[in-house]
Amino acid sequence: MAEEKKLFKVTIDNITIEVEPGTSILQAARMIGGDIVPPTMCYYSKLKNTGGYCRTCMVKVAAGSTADPRPMPKLVASCRTNVMDGMIVENITNPAVLEARKGVVEFLLINHPLDCPVCDQAGECDLQDLSYAHGTEGSRFEFRKRTFERIDLGPYIQLHMTRCILCYRCVHTANQVAGQREHGVLDRGDHAQIATYIRESLDSEFIGNVIDVCPVGALTDRTFRFKNRVWFTKPVEAHRDCPTCKGKVRLWMRGDDVLRVTGRKDQWGEVEDWICNDCRFEKKKVSDWVIEGPTTVNRHSVISQGHYTGIKKPGETFEPLMHRKPKLLMDIHAVSNVNKVDLNNIPGPATGKTFNGDPLSMGNNPTDVKEGVGRNMAGTDSTNPDTP
Ligand code: SF4
Ligand code: SF4
Ligand code: FES
């Protein structure tokens with residue numbers, strides 16, 4: 001007869017759950033779900049050895065275990081601390097934890113630019129959400145922020161270290177998923193930066209996943225950058241028969257254009273299945289995919305403000321009222337070029353000219369890559385020269 005496994009009882013914010021030995025406090029909290037789940041910026045359950053860097057998931061262990069019920073003297077990182085039988089944990093029920101988390105957010109933002117309005121990640125950025133939910137309204141940091149020039153990591157990915165929070169997720173992804181790591185964190189402390197030795201491009205067919213795991217706008221998709229704001233796009237689930245990966249993706253569409261392809265993310269913002277570069281960067285036609293249906297978007301997300309599911313279109317009123325079909329004025333798309341332009345055919349942003357007879361013309365990206373490697377010692381940020 002199989003031996004019955006002993007389970008550990010852990011209480012988090014007054015909710016008790018039984019979990020297997022070896023479960024971390026964070027995993028136990030995720031099993032309970034809801035507001036008591038600590039936020040995470042570096043932990044990623046789909047990757048090994050993540051967590052322990054950002055400290056946003058800190059909690060108070062009010063009682064270590066039934067055997068030794070003393071509280072732990074300091075707040076602990078819940079992603080790296082395993083539960084013990086009889087452990088009592090406080091997260092949102094302890095004001096000291098919330099206060100400490102504010103401090104962590106302030107630290108994460110010390111060197112972070114105030115770039116959200118021009119950042120490609122805005123609207124789906126974990127740091128943006130974290131700052132709103134757990135940060136303070138101001139910063140006490142009065143010094144010059146460190147800045148870097150953008151670097152193209154191969155043809156598909158762009159790195160802007162200025163926005164990096166050094167969570168190491170991309171390094172673990174390159175190691176464990178792409179199986180070929182050519183980048184890592186060089187230097188330490190204030191000088192630490194994600195870098196590739198001698199600007200090696202990262203050419204593994206799974207390297208595009210570093211974009212999905214990056215919680216901020218430091219690693220972005222060069223085939224999508226500044227094509228659109230994420231809240232104007234419509235995410236749909238789609239799949240294709242791919243010889244390299246499972247081919248299960250999320251398409252970000254505008255009209256009939258596939259502007260971006262990403263992995264599908266779960267409720268914790270983690271990729272469900274890693275996807276290959278071919279699916280991500282090369283399959284940008286609707287005909288490449290079998291569309292499954294609209295993605296369910298968390299109602300708190302700015303993306304859900306697009307209200308594209310459950311739409312009940314009002315009936316046509318013109319015809320019954322006017323007893324005739326609408327004329328040109330009501331049929332503007334038939335006479336403009338708006339629907340004839342394929343935004344995927346141009347590498348930069350569209351301009352008025354693009355829609356007025358020259359579908360391949362494009363404007364300048366305000367944040368185009370500038371020449372230069374690594375730290376920008378001039379102290380300017382090419383996104384915003386006024387960034388201190
Ligand atoms: S990564 Fe971009 S969107 Fe996120 S907080 Fe930084 S500037 Fe804002
Ligand atoms: S580039 Fe992104 S994923 Fe990589 S360490 Fe920086 S924040 Fe994390
Ligand atoms: S998520 Fe636990 S330390 Fe970053």
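Calculation criteria
- All residue numbers refer to positions counted from 1 along the written sequence of the respective chain.
- Labels follow written order: the first chain is A, the first ligand is 1, and so on.
- Local features are withheld for residues below a pLDDT of 70 in this predicted model, meaning they are given only at 70 or higher, and side-chain atom pairs are given and counted only at 80 or more; totals for whole chains, interfaces and linings count all residues.
- Nearness rests on one distance test: the residue's C-beta atom, set from the backbone, must lie within 6 Å of the molecule or strand.
- Throughout, the ten residues Ala, Val, Leu, Ile, Met, Phe, Trp, Tyr, Cys and Pro are labelled nonpolar, Asp, Glu, Lys and Arg are labelled charged, and all others, Gly among them, are labelled polar.
- Helix and strand assignments come from DSSP, with helices taken as H or I runs of at least 4 residues and strands as E runs of at least 2, each series counted from the N terminus.
- One less than the residue count of a helix, multiplied by 1.5 Å, gives the span that helix is expected to have.
- Whether a residue is buried, exposed or partly exposed is read from the other C-beta atoms within 10 Å of its own C-beta, which are placed from the backbone; 20 or more gives buried, 12 or fewer gives exposed, and intermediate counts give partly exposed.
- The directions from the helix axis to the C-beta atoms are what the arc is built from.
- UniProt positions are given in the numbering used here, feature names are shortened, and annotations may be inferred rather than shown by experiment.
- Axes here mean lines fitted to C-alpha atoms, for a helix over just the part in contact, with angles spanning 0 to 180 degrees between N-to-C directions.
- Convention used here: angles under 35 degrees read as roughly parallel, angles over 145 as roughly antiparallel, angles from 65 to 115 as roughly perpendicular, and any remaining angle as oblique.
- Left-handed describes a crossing whose near helix is turned anticlockwise from the far helix through less than a right angle; right-handed describes the clockwise counterpart.
- Residue pairs qualify as contacts under a 7 Å threshold applied to their C-beta atoms, which are placed from the backbone.
- Paired strands are those between which DSSP finds at least two bridges.

Undergrad: What is the right way to look at the site of ligand 1 in this model?
TA: Neighbouring ligand 1 are 13 residues; Asp115, Cys116, Cys119, Cys125 and Val216 lie closest to it. Residue composition of the shell around ligand 1, grouped by class: seven nonpolar, four polar and two charged.

Undergrad: How should helix α2 (residues 95–108) be read in this particular structure?
TA: Each α-helix winds once per 3.6 residues, and so residues spaced three or four apart point in a common direction. The end-to-end C-alpha distance of α2, which contains 14 residues, comes to 20 Å, matching closely the 20 Å that a straight helix rising 1.5 Å per residue would cover. Taken residue by residue, α2 has Val97, Arg101, Val104, Val105 and Leu108 as its buried positions. Along α2, the residues classed as buried sweep out an arc of 100° about the axis, all on the same side. Of the exposed residues in α2, those oriented more than 90 degrees away from the buried face are Pro95, Ala96 and Glu99.

Undergrad: Whenever I open this one, the UniProt feature "domain: 4Fe-4S His(Cys)3-ligated-type" (unreviewed entry) in the protein confuses me. Can you help?
TA: UniProt's entry tags residues 96–135 with the feature "domain: 4Fe-4S His(Cys)3-ligated-type" (unreviewed entry), counted in the numbering of this structure. Helix makes up 55% of residues 96–135 and strand makes up 0%, while its end C-alpha atoms are separated by 14 Å.

Undergrad: Please explain unusual backbone geometry as it appears in this structure.
TA: Residues other than glycine predominantly adopt negative phi, and peptide bonds predominantly adopt the trans conformation. Phi at arginine 55 takes a positive value of approximately 70°, unusual for a residue other than glycine. Its location among the elements puts arginine 55 in the loop between α1 (25–32) and β3 (58–63). The phi dihedral of tyrosine 168 is positive, around 70°, even though this residue is not glycine. The class for tyrosine 168 is buried, based on 22 C-beta atoms found within 10 Å.

Undergrad: Which parts of the structure should I look at to understand the packing of α2 against helix α3 (residues 126–134)?
TA: The contact between α2 and α3 brings their axes to 10 Å, and the two run at 140°. Our classification of the angle between α2 and α3 gives oblique. For the element pair α2 and α3, the recorded crossing hand is left-handed. When α2 is examined against α3, the residues Arg101, Lys102, Val105 and Leu108 are found in contact with a partner set consisting of Leu127, Leu130, Ser131 and His134. Partitioned by chemical class, the residues of the contact of α2 with α3 number four nonpolar, two polar and two charged.

Undergrad: Help me understand the pairing of strand β12 (residues 248–254), please; the structure alone is not making it clear to me.
TA: On a regular strand, each side chain points to the face opposite its neighbour's, so the side chains alternate between the two faces of the sheet. In terms of residue burial, β12 counts as a mostly covered element, since five of its seven residues are buried. Judged from the six bridges that link them, strand β11 (residues 234–239) and β12 form a sheet pairing that is antiparallel. For alanine 238, the partnering residue across the bridge sits in β12 and is valine 249. Across six bridges, the pairing between β12 and strand β13 (residues 257–263) is antiparallel. Bridged to valine 249 within β13 is glycine 263. Linking two consecutive strands that pair antiparallel, namely β12 and β13, is a turn of two residues; a positive phi of about 60° is found at glycine 255 within it.

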